[in-house]
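# Understanding the architecture of this molecule
Given next are the chains, with one letter for each unit.
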Amino acid sequence: MTSERPLVYAHRGSSAQFAEHTRAAYLQAIADGADGVECDVHLTRDQHVVLLHDPNLDRTSDGTGAVADRTLDELRELDFCSWKGARFPDEYGAVSQQLLTLPDLLDLLELAGREIGLAIELKHPSPYQLRLEDTVLAVLAERGWDSQSSRLGNVRVSFMSFDPEAVEYLLERVPAEHVCMLVDDVQVEDVREDLALGPITGGAVANMLKAAQADAETILDAGRAGIAGPGIGYVREHPNRVRQWLDDGRRFRVWTVDAPEDVELCLSAGIQEITTNRPAEVLRQVGAAVV
């Protein structure tokens, strides 16, 4: 790893190759040489921190319904990898071992044998509200995580959310340099389609998300969060704001950067961290760009 290239974070593990958030995806990310990994977290009914992106089980498992309505034992009975249609090596575990809790992921990262980053995205809205943040911090603290350096042995921990309230809550507990304010443009049509909402409800939700986006931009304008986390589309659409935040000292972690031309855009802009589903390919590209 050199300081002349951006750090490469594996988005939900090496999720282009294996099912997102699974043991196989994270073991592959470590093997690929990713500088860090990203995960999304939710709380189960019995208050375990599990690695899943969606609040519901339907897309990435053979189950259905809300993650928050299931216990960890109930979730472990589900298949979280076969939907991807990708076979993984036997040493990456059985199908029944693919669902990970936050402690499970920490175990894998601590065995990486090198320094590695962990970017934890706290997903909101959560039925448990800010108890999600409290539980994540408690899990880390129980393992010896130091809040000021945000390190746990060889693991560098940072925290992310699209929710400004969650970010402000984290900033009261963790130095700003370890907190990432996620931000992206909100399109009404996309909100309606993604959430299967009608025009009135979809518009109302979009307006709420636009207000959150404005709050996120204010947090980054003021420098309260040390890391800016825009989507690659936001970087394209707002070059002046991106340049201003960089000039003001914000560190950038851009997602989800898979296409070679998007990697080149990040390199030309001076982005410090790239989050990608394809860490091995992006590492080759950014490594080749170092002179």
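Residues numbered from 1 in each chain as written. Predicted model: local features only at pLDDT ≥ 70, side-chain atom pairs only at ≥ 80, totals over all residues. Heavy atoms only, no water.

In terms of regular secondary structure, the chain is built from 11 helices and 10 strands. In terms of overall dimensions, the chain is globule-like: its C-alpha atoms have a radius of gyration of 18 Å, near the 19 Å expected for 291 residues. Along the first, second and third principal axes, the C-alpha set of the chain runs to 50 × 50 × 35 Å. The proportion of buried residues among the 291 residues of the chain is 53%. Put simply, 62% of the contacts in the chain that link residues at least 6 apart link residues at least 24 apart. Roughly 12900 Å² of accessible area belongs to the chain as shown, and the carbon and sulfur atoms make up 48% of that amount. (Helix = DSSP H or I, 4+ residues; strand = E, 2+ residues; numbered from the N terminus. Rg over C-alpha atoms; globule rule 2.2 N^0.38 Å. Buried < 20%, exposed > 50% of the residue type's maximum accessible area, 1.4 Å probe, protein only. Contact = heavy atoms within 4.5 Å. Areas by Shrake-Rupley, 256 points an atom, 1.4 Å probe, with all protein chains shown as cover.)

Mapping E121 onto the fold places it in strand β4 (residues 116-122). Residue class for E121 comes out buried when judged on its relative accessible area of 6%.

Taken as a whole and assessed by the stated rule, the structure comprises 20 salt bridges. Measuring nitrogen to oxygen at the nearest pair gives 2.6 Å for the salt bridge that ties R143 to D107. Of the two residues, R143 is situated in the loop between α4 (131-142) and β5 (151-152) and D107 in helix α3 (residues 102-110); the sequence distance between them amounts to 36 residues. Of the residues examined, R143 reaches a relative accessible area of 30% and is grouped as partly exposed. For E281, the salt bridge goes to R278, with nearest N and O atoms at 3.8 Å. Residue E281 is classed as partly exposed on the basis of its relative accessible area of 43%. Residue R278 is classed as partly exposed on the basis of its relative accessible area of 36%. Within the structure, one salt-bridge network assembled from shared partners comprises R12, E20, D40, D54 and R59. (Salt bridge = Lys/Arg side-chain N within 4 Å of Asp/Glu carboxyl O.)

Turning our attention to the pairing of strand β8 (residues 227-230). Because side chains alternate across β8, one face comprises the buried residues I227 and G229, and the other comprises A228 and P230, equally buried. Here strand β7 (residues 179-183) runs beside β8; their pairing, made up of four bridges, is parallel. What sits directly across from L182, in β8, is G229. (Pairing = 2+ DSSP bridges.)

Attention now moves to the pairing of β7. Counting buried residues in β7 gives five out of five residues, a clear majority hidden from the surface. Every second residue of β7 is oriented toward a common face, with V179, M181 and V183 on one face and C180 and L182 on the other, all of them buried. Examined bridge by bridge, strand β6 (residues 155-161) and β7 share three bridges and lie parallel to one another. Among the inter-strand pairings, S161 is bridged to a residue of β7, identified as M181. You can see the chain leave β6, run along helix α5 (residues 164-171) and come back into β7, and the turn it takes is right-handed. (Right-handed = clockwise from strand over helix to strand, strands pointing away.)

What follows deals with the packing of helix α10 (residues 260-269) against helix α11 (residues 279-289). Viewed as axis vectors pointing N to C, α10 and α11 meet at an angle of 45 degrees, and their least axial separation amounts to 11 Å. Here α10 is positioned oblique relative to α11, judged by the angle of their axes. Considering how the two elements wind past one another, α10 and α11 form a crossing that is right-handed. Contacts between α10 and α11 involve P260, V263, E264 and L267 on the former and, on the latter, V282, Q285, V286 and A289. (Axes fitted to C-alpha atoms, helices over the stretch in contact; angles between N-to-C directions. Parallel < 35°, antiparallel > 145°, perpendicular 65-115°, else oblique. Left-handed = near helix turned anticlockwise from the far one by under 90°.)

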